[in-house]
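Here is how the chains run, residue by residue.
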Amino acid sequence: MKVKILVCLSLAWSYMYAYSYNDILKDYEAKNYEKICSQGSSLLFNNEKNENILVAIGDACAKVDAINPLGNVVKNLISTNEFRESGSYFATLILQKKLIYQFMNDRINLQELRLPRTEHILSRVFEELAKGNYSENNQQIEIKTGDKEYVLWLSNDKPKKVYIDEVKDGKVMYRHWYL
């Protein structure tokens, strides 16, 4: 009797995972990135090895600025050139986030560092900081590039968060925050 129950539970567990994969793919097509990142992150702690799903979860998390879960994605993207490239992209975002955080808290020198460039906000900001293309104003860092302006500042709570405001015509268009 116990064996039958275990078999039924195993089958139900397998069915739930298959359903979760389909949900992730449907949500990705519908651009429900926040949902994918929050619900998909639980799969990451179950030693998920389906690299297509991992890339979808990682990309969704990157799109909603949830960089911390990417560490669990990166370690399993190894089987093909494309998956390794995705892993490098996610690892780059993790490192850029960490270095920007150190820069804002400890004022480390980033001018000697060169990392791959991506279109993510972290890469754009990191690149300008590494070039020294910024000014400091009232405990804020201001970066101006063409039509874009970024304002970086630290929160007052503990632990401090780094905020990156995308500003256009003097108005905050989008606010990113990282811990």
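Please read these numbers as outputs of a predicted model, since none were measured by experiment. (Residues numbered from 1 in each chain as written. Predicted model: local features only at pLDDT ≥ 70, side-chain atom pairs only at ≥ 80, totals over all residues. Heavy atoms only, no water.)

J.: Where do I start with the environment of Ala 56 in this structure?
T.: Along the chain, Ala 56 falls in helix α3 (residues 51-63). When the C-alpha positions of Ala 56 and Glu 29 are compared, they lie 10.0 Å apart, and in sequence the two are 27 residues distant. For Ala 56, the contacting residues outside a window of four places in its chain are Ile 24, Tyr 28 and Ile 36. (Helix = DSSP H or I, 4+ residues; strand = E, 2+ residues; numbered from the N terminus. Contact = heavy atoms within 4.5 Å.)

J.: Help me out: how do you make sense of the packing of helix α5 (residues 81-106) against helix α6 (residues 121-131) in this one?
T.: Axes are the key here: two packed helices are described by the angle between their axes and the distance separating the axes. At a minimum axis separation of 10 Å, α5 and α6 run at an interaxial angle of 50 degrees. Taken together, the axis directions place α5 and α6 in an arrangement best described as oblique. For the element pair α5 and α6, the recorded crossing hand is left-handed. Along its contact with α5, which presents Leu 93, Gln 96, Lys 97, Leu 99, Ile 100 and Phe 103, the element α6 presents Leu 122, Ser 123, Val 125, Phe 126 and Leu 129. Here the residues of the contact of α5 with α6 are counted per class, giving 8 nonpolar, 2 polar and 1 charged. (Axes fitted to C-alpha atoms, helices over the stretch in contact; angles between N-to-C directions. Parallel < 35°, antiparallel > 145°, perpendicular 65-115°, else oblique. Left-handed = near helix turned anticlockwise from the far one by under 90°. Nonpolar A, V, L, I, M, F, W, Y, C, P; charged D, E, K, R; others polar.)

J.: What should I look at first to understand the environment of Lys 161 in this one?
T.: Mapping Lys 161 onto the fold places it in the loop between β3 (148-154) and β4 (162-168). What makes Lys 161 buried here is its relative accessible area of 16%. Residues Lys 161 and Leu 179, 18 residues apart in the sequence, show an inter-C-alpha distance of 4.8 Å. Contact partners of Lys 161, with chain neighbours within four places excluded, come to Trp 153, Leu 154, Ser 155, Trp 177, Tyr 178 and Leu 179. Here the side chain of Lys 161 touches Asp 157 through a polar contact of 2.5 Å, side chain to side chain. (Buried < 20%, exposed > 50% of the residue type's maximum accessible area, 1.4 Å probe, protein only. Polar contact = N/O pair within 3.5 Å; in protein donor to acceptor, adjacent residues only side chain to side chain.)

J.: How should I be thinking about the confidence of the model for the protein in this particular structure?
T.: In regions of low pLDDT, the predicted coordinates are not meant to be interpreted in detail. Across the protein, pLDDT averages 87, with 86% of residues at or above 70. Below pLDDT 50 for its whole length, residues 1-19 participates in 2 contacts with residues either more than four positions away or in separate chains. (pLDDT = per-residue confidence, 0-100.)

J.: Help me understand the sheet that holds strand β5 (residues 171-178), please; the structure alone is not making it clear to me.
T.: Pairing between sheet strands relies on hydrogen bonds along the backbone, with the strands arranged either parallel or antiparallel. Judged by pairing direction, the sheet is antiparallel, and its 5 strands sit side by side in the order β1-β2-β3-β4-β5 without closing on themselves. At either margin of the open sheet sits one strand with a lone partner, and together these are β1 (135-137) and β5. Pairs of neighbouring strands in the sheet enclose a mean axial angle of 25 degrees, with direction left out of account. Across 3 bridges, β1 lies against strand β2 (residues 140-145) in antiparallel orientation. Looking at the pairing, Glu 136 lines up with Ile 141 of β2. Sheet contacts for α5: β2, β3, β4 and β5; angle to β3, the most-contacted strand, approximately 65 degrees. Packing of α6 onto the sheet brings it into contact with β2, β3, β4 and β5, and relative to β3 it is tilted by some 85 degrees. (Pairing = 2+ DSSP bridges.)

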